[in-house]
Amino acid sequence: MDKKTSFKEFVKKNPSLLTFVKEEKMTWQKFYEMYDLYGESDDIWNEYIKKEEVITTTSSIGMLDVLNWLKTIDLDKMQESISSVQRVLGVLEDLGTNNNQNTKPEYKPRPIYKHFED
C-alpha cells in the first residue's frame, strides 16, 4: 500500500480527525504531513484521538440525564392522561359508528307464492 492509501485507512479508524478539520483547527495537508513524518503510533496523535473519548463520555452523560428525567415522571398523572385520551377516542369512535349505520331497511324475502301487492 502506498502512503496515501494507508493515511486514508488511518483516518477511517480515527474519525475524530474530521472534527478538527471541520472546526478549521487543522488541515488534511498538515495531518498527512504528520502521518508521513511520524507514522500511526506516535504520541503526537494523542491530542487528536482523545477528542473521540470526550465525545463518548458526553453521550453517556446525556444518557444519565435521560434516566434522571425518566425518574421525575409522575406515573399517576400519565395514567390519567392516557385514560382521558382513551375516553376521547371512544367518543369519536362511537360518533363514527353511528354515522356509518345502514339506514336501509333490512331485506325481507317474499313468500314463494305471493306476487306483487297480493
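The rules behind these values
- Residues numbered from 1 in each chain as written.
- Predicted model: local features only at pLDDT ≥ 70, side-chain atom pairs only at ≥ 80, totals over all residues.
- Heavy atoms only, no water.
- Salt bridge = Lys/Arg side-chain N within 4 Å of Asp/Glu carboxyl O.
- Helix = DSSP H or I, 4+ residues; strand = E, 2+ residues; numbered from the N terminus.
- Buried < 20%, exposed > 50% of the residue type's maximum accessible area, 1.4 Å probe, protein only.

(A) A look at the pattern of salt bridges. Counted by the stated rule, this structure contains three salt bridges. Between Glu-40 and Lys-13 there is a salt bridge whose closest N-O contact spans 3.8 Å. Taken together, the positions of Glu-40 in the loop between α3 (28-38) and α4 (46-71) and Lys-13 in helix α1 (residues 3-13) put the pair 27 residues apart, joining distant regions of the chain. Taking the relative accessible area as the measure of exposure, Lys-13 reaches 54% and is therefore exposed. Across the pair Lys-25 and Glu-23 runs a salt bridge whose closest N-O atoms are separated by 3.1 Å. For Glu-23, a relative accessible area of 41% gives the class partly exposed.

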